[in-house]
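One-letter residues, chain by chain:
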Amino acid sequence: MNKTQKVAWFNLAGALLCIAIIIWVVARLVILKTVPEAFERFWPLAVFCAFMVTSIVLLRRKQSPAEVDSDERDNLIKYRAVIASFVSVWILLAAAATIPRFVVGVKGSIPVWLLAFINLSVLLGALLVYSVAILVQYGWRNKGEKS
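Here the structure is a predicted model, which means the values were calculated and not measured.

K.L.:
Where do I start with the overall build of the protein in this structure?
P.N.:
Assigned secondary structure in the protein consists of four helices and zero strands. Secondary structure elements of the protein occur, N-terminal to C-terminal, as α-α-α-α. Evaluated residue by residue, the protein yields a buried proportion of 27% over its 147 residues. Put simply, 83% of the contacts in the protein that link residues at least 6 apart link residues at least 24 apart. Entry remark: accessible area of the protein is about 10,400 Å², with carbon and sulfur atoms responsible for 70%.

K.L.:
In this structure, what is going on with the layout of surface pockets? I would like to understand it.
P.N.:
Think of a ball as big as a water molecule: rolled over the atoms, this probe shows where empty space is left. In this structure, the largest pocket encloses a volume near 460 Å³. Taken together, 19 residues make up the lining of the largest pocket; nearest its centre are A96, I99, F117, I118 and S121. For the lining of the largest pocket, the elements supplying multiple residues, two or more each, are helix 1 (3-31), helix 3 (72-104) and helix 4 (113-138). In terms of residue class, the lining of the largest pocket is made up of 17 nonpolar, two polar and no charged.

K.L.:
Could you clarify how one ought to interpret helix 3 in this entry?
P.N.:
Helical geometry note: an α-helix holds 3.6 residues per turn, so side chains three or four residues apart project in the same direction. Counted at 1.5 Å a residue, the expected span for helix 3 with its 33 residues is 48 Å, and the 48 Å between its end C-alpha atoms agrees. Contacts from the buried residues of helix 3 go to helix 1 and helix 4. At the exit of helix 3 stands G105, carrying a positive phi of roughly 90 degrees.

K.L.:
Looking at this structure, how should I read the packing of helix 1 against helix 4?
P.N.:
In a packed pair of helices, the relevant descriptors are the angle between the two axes and the axis-to-axis distance. At a closest axis distance of 9 Å, the pairing of helix 1 and helix 4 adopts a crossing angle of 155 degrees. Overall, the two elements helix 1 and helix 4 adopt an arrangement that is roughly antiparallel. In this structure, helix 1 crosses over helix 4, and the sense of that crossing is left-handed. Looking at the contact of helix 1 with helix 4 residue by residue, the class counts come to 22 nonpolar, four polar and no charged.

What counts and what doesn't
- The residue count restarts for each chain, going from 1 along the sequence in the order it is written.
- Two thresholds apply to this predicted model, a pLDDT of at least 70 for residue-level local features and 80 or more for giving and counting side-chain atom pairs, whereas whole-chain, interface and lining totals are computed over all residues.
- Side-chain calculation: all heavy atoms of the structure are included, whereas hydrogens and water are not.
- Helix and strand definitions follow DSSP, with helices as H or I runs of at least four residues and strands as E runs of at least two, each counted in order from the N terminus.
- For every residue, the accessible area (1.4 Å probe, protein chains only) is compared with the maximum for its type, and the residue is labelled buried under 20%, exposed over 50%, or partly exposed between those bounds.
- We call two residues in contact when some of their heavy atoms are within 4.5 Å.
- Surface accessibility in these figures is a Shrake-Rupley result with a 1.4 Å probe; residues are shielded only by whichever protein chains are displayed.
- In this analysis a 1.4 Å probe is tested at points of a 1 Å grid over the protein atoms alone, and where it fits but cannot get out there is a cavity; an open set with protein on both sides within 12 Å along at least five of seven lines is a pocket; lining residues have an atom within 4 Å of a point.
- Grid points are joined across faces, edges and corners, and a volume is the space filled by probe spheres set on the points.
- Each residue gets one of three labels, nonpolar for Ala, Val, Leu, Ile, Met, Phe, Trp, Tyr, Cys and Pro, charged for Asp, Glu, Lys and Arg, and polar for the others, Gly among them.
- Each helix should span, by expectation, one fewer than its residue count multiplied by 1.5 Å.
- Between N-to-C directions, angles cover 0 to 180 degrees, with each direction set by a line fitted to C-alpha atoms, over the stretch in contact for helices.
- Here is the rule for angles: anything less than 35 degrees is roughly parallel, anything more than 145 is roughly antiparallel, 65 through 115 is roughly perpendicular, and the remaining ranges are oblique.
- Helix crossings fall into two classes, left-handed where the near helix is turned counterclockwise from the far one by less than a right angle and right-handed where it is turned clockwise.

Structure, rendered in structure tokens:
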């Protein structure tokens, strides 16, 4: 597994972790109408920090000293993944503009603080598309590569 694949797996896991934390926070604030207290305020930050430290250690390690950071194939795969991510941003922004209309109605309103979560969700969705596009282009398993 080369560095691009490692970073894609890291991005995928990090985005899914952030999405889970956002869903938990929004569920607490919107559905339960309560603010997290004491330990509940800090566990997402502790989990995120532990994930970051672990991933930084694992991403810095190379399989072999001869491993290159990237080649032409990696650059082409990254370019195609950026195109897919760019297209997904427009689709997600269109969804972010129309879904609240159906949820609260034409004359309804949403709290201003919810806009930050909507924008962060679009960002995380684009990151998910980017990571999945990289992994799909490489194939889920090592095809033809010698380890």
